[in-house]
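This is what each chain is made of:
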Amino acid sequence: MKKVVKFGGSSLASTRQFKKVGEIIRSDKTRRYVIPSAPGKRNDKDEKVTDMLYACYDAAAAGAAYKKILSRIKDRYLEIINGLDLDLNLDYEFDRIEENFAKGIGRDYAASRGEYLNGIVMASYLGYEFIDAAEVIFFDDQGNFEAELTHRELSERLEHVERAVIPGFYGSKHDGSIKTFSRGGSDVTGSIVAKAIHADLYENWTDVSGFLVADPRIVKDPQVIETITYKELRELAYMGASVLHEDAIFPVRKEGIPINIRNTNRPEDKGTLIVESTCRKPRYTITGIAGKRGFCAINIEKAMMNAEVGFGRKVLGVFEKYGISFEHMPSGIDTMTIMVHQDEFEEYEQSVIAGIHRAVEPDSVDLESDLALIAVVGRGMKATRGTAGRIFSALAHAHINVKMIDQGSSELNIIIGVKNADFEGAIRAVYDIFVTLEM
């Protein structure tokens, strides 16, 4: 069995955290490939090493004083090295970084050095082989990730390497210059490595025990999602839930490799398992709740619109003309509602209204602003009768008026529209009826 393990910045912020990570890796011999991030914050007042590197590079490139910042960065690594009693000296690496900063080599290079140096430290600590990500992860001259070339080179390089540390977040272009991932960071690297070695599991270690059913800023101590499918995850992420970026999921999803989100500070917790599909019965009817504020509804009425061929296309063509994307489009026999982001719509609202009148000659066009959309997601809803009814009941009990409801044919999610002012209350009401009462 082979596992790829990625550790976030908070998991590697100090000597104490490094030792926790070491214990986690050594407790399971199948954790053979390690993806480290740069050291994160040790406390609320601390700085991330990546932010310090940006500041140092910007100062050096501008000809300003930078040595104090560089010295603080050195101290962060020296503190970890000494705390781990390692026979390791990074003076050569820092001399080379200083030279490149002076040359103005680029901010991507600067940002990547946090992961690069932490990879060297981690490899020394574990006794694993260090592989510079710049040697195995590639971007083209325009900065686009080259998936096929990377997969081929990385697979060949790791084929005969039993245990390795590969820094996350960056790779290189054809000219050798460093390029960082624009989204997903080290999560993407871990996923790419997992695909290359045909891993049985990709463990993503952070400072939380998995994904939560609801936003903890809204619901007090929400439950952890035990198992979630990629489809459910995508629905929640689209509606604003803080989860892995799609770029970090795609390589392993394509290979059918599950992802396990784990907590470095609570390794005994099982975390959240992300899978392609599962026979496991979900703990609750719903898997998660997520939402966003700041929408408006354009309500269009016209008698017999359902019999008018091309009506919807003409209406959406007006929004396309002004570069406005729509979120949802619930409709009836004589009505159609277009839900859009309010900040995108406000600039063109009168032009859009006029365009709709010219395109389809409606009986009326009405606007409603300051709306929020909430997604109730769960594979368990498909086999459970009365889910929508329970949602309505919970919201009615909380004195919240439903402005819109939309359910796809997959029965994987139900979208609810409410006033912005009712956003948090609606999430709490739905959570209570599906989670608190089912516990």
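In the block above lies the structure referred to throughout.
Per chain, the residues get numbers from 1 upward, laid out in the order the sequence is written. Side-chain atom pairs in this predicted model are given and counted only at pLDDT of 80 or more, local residue features only at pLDDT of at least 70, and totals for whole chains, interfaces and linings cover all residues. For the side-chain quantities, the full set of heavy atoms in the structure was used; hydrogens and water were omitted.

With a phi angle near 90 degrees, phenylalanine 169 is a residue other than glycine that sits in the positive phi range. Looking at the secondary structure, you find phenylalanine 169 in the loop between strand S4 (164-165) and strand S5 (170-172). According to the relative accessible area criterion, phenylalanine 169 is buried, its value standing at 13%. At aspartate 221, a residue that is not glycine, the phi angle is positive and equals roughly 50 degrees. Within the secondary structure layout, aspartate 221 lies in the loop between strand S7 (201-206) and strand S8 (227-229). Given the relative accessible area of 62%, aspartate 221 is considered exposed. Numbering of helices and strands runs from the N terminus; a helix is a DSSP stretch of H or I covering at least four residues, while a strand is a stretch of E covering at least two. A simple rule labels every residue: compare its accessible area, found with a 1.4 Å probe on the protein chains alone, to the largest value its type can have, and call it buried under 20%, exposed over 50%, or partly exposed in between.

Positionally, arginine 32 belongs in strand S2 (residues 31-36). Arginine 32 gets classed as buried once you look at its relative accessible area, which sits at 14%.

Take helix H7 (residues 186-196) next. Of all 11 residues in H7, 11 are buried, a share of seventy percent or more. For H7, every residue scored as buried is listed here: Ser186, Asp187, Val188, Thr189, Gly190, Ser191, Ile192, Val193, Ala194, Lys195 and Ala196. Taken from the residues just after H7, histidine 198 is the one with a positive phi, measuring 55 degrees.

What follows deals with the pattern of salt bridges. Between Lys or Arg on one side and Asp or Glu on the other, a salt bridge is scored when a side-chain nitrogen of the former is within 4 Å of a carboxyl oxygen of the latter. In the structure shown here, the tally under the stated rule is 26 salt bridges. Between arginine 42 and glutamate 79 there is a salt bridge, with its nearest N and O atoms 3.2 Å apart. Of the two residues, arginine 42 sits in the loop between S2 and helix H2 (49-61) while glutamate 79 sits in helix H3 (residues 67-83), which places them 37 residues apart along the sequence. Aspartate 108 is the partner of lysine 179 in a salt bridge, and the nearest nitrogen-oxygen pair spans 4.0 Å. Of the two residues, lysine 179 sits in strand S6 (residues 178-180) while aspartate 108 sits in helix H5 (residues 107-126), which places them 71 residues apart along the sequence. Classification of aspartate 108 by relative accessible area gives partly exposed; the value is 24%.

Taken across its 6 residues, S2 has 6 buried, putting it largely inside the fold. Two strands pair under a simple rule: DSSP has to find at least two bridges between them. Relative to S2, strand S1 (residues 3-7) runs parallel, the two being bridged by 5 bridges. When the bridges of S2 are listed, valine 4 appears paired with tyrosine 33. Here the term right-handed applies to a crossover when the path leading from its first strand over the helix to its second strand runs clockwise, the strands being oriented away from the viewer. The handedness of the S1 to S2 crossover, carried by helix H1 (residues 15-26), is right-handed.

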